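# Chains, contacts and geometry: an overview
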Amino acid sequence: MKLNFFIFAFVVLIDQVSKRYLLSNIRLGDSKEFLPGVMSLTMAQNTGGAFSVFKEYPILFMIIGIVNLLIFSYVCFCPTVKLSNSMKTGCAFILGGTL
């Protein structure tokens, strides 16, 4: 359980730090090489789900996020849930990405 909390916290930290870095260093539509010749980062804004689907319903995504947070928190951190450690670790990654 401690490992899952560490993974969750680490994913949230990396996610937030990378977003702050990109917002302060790359303008919307611009690209910056991350691994030269292999990968570059392009600043894009997605206001909805995948490919901005349902962008006119932001409350829907808020509800989905809260439900996701509740379910994966329970699955990941409740000691009575009988899942393998690898499944709980996967849930910790999903939970970290939800925030």
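What this report covers is the structure whose coordinates are included nearby. (Residues numbered from 1 in each chain as written. Predicted model: local features only at pLDDT ≥ 70, side-chain atom pairs only at ≥ 80, totals over all residues. Heavy atoms only, no water.)

Attention now goes to the overall build of the chain. Helix and strand counts for the chain stand at 3 helices and 2 strands. If you list the helices and strands of the chain from N to C, you get α-β-β-α-α. Over its C-alpha atoms the chain spans a radius of gyration of 16 Å, topping by over 25% the 13 Å that the globule rule assigns to 99 residues. Out of the 99 residues in the chain, the part that is buried amounts to 19%. The long-range share in the chain, meaning contacts at least 24 apart out of those at least 6 apart in sequence, stands at 36%. Carbon together with sulfur atoms contributes 71% to the accessible area of the chain, which is approximately 7,600 Å² in total. Here the chain contributes 8 positive and 4 negative side-chain charges, whose respective centroids are spaced 15 Å apart. (Helix = DSSP H or I, 4+ residues; strand = E, 2+ residues; numbered from the N terminus. Rg over C-alpha atoms; globule rule 2.2 N^0.38 Å. Buried < 20%, exposed > 50% of the residue type's maximum accessible area, 1.4 Å probe, protein only. Contact = heavy atoms within 4.5 Å. Areas by Shrake-Rupley, 256 points an atom, 1.4 Å probe, with all protein chains shown as cover. Lys, Arg positive; Asp, Glu negative; His and termini not counted. Charge placed at Lys NZ, Arg CZ, Asp CG, Glu CD.)

Right, let's talk about the packing of helix H2 (residues 58–77) against helix H3 (residues 85–98) for a bit. Where H2 meets H3, the axes come as close as 9 Å, and the angle between the chain directions of the two elements is 150°. The orientation of H2 with respect to H3, classified from their angle, is roughly antiparallel. Here the hand of the crossing between H2 and H3 comes out left-handed. Across from Gly 65, Asn 68, Leu 69, Phe 72, Ser 73, Val 75, Cys 76 and Phe 77 in H2, the residues of H3 making contact are Lys 88, Cys 91, Ala 92, Ile 94, Leu 95 and Thr 98. Taken together, the residues that form the contact of H2 with H3 break down as 9 nonpolar, 4 polar and 1 charged. (Axes fitted to C-alpha atoms, helices over the stretch in contact; angles between N-to-C directions. Parallel < 35°, antiparallel > 145°, perpendicular 65-115°, else oblique. Left-handed = near helix turned anticlockwise from the far one by under 90°. Nonpolar A, V, L, I, M, F, W, Y, C, P; charged D, E, K, R; others polar.)

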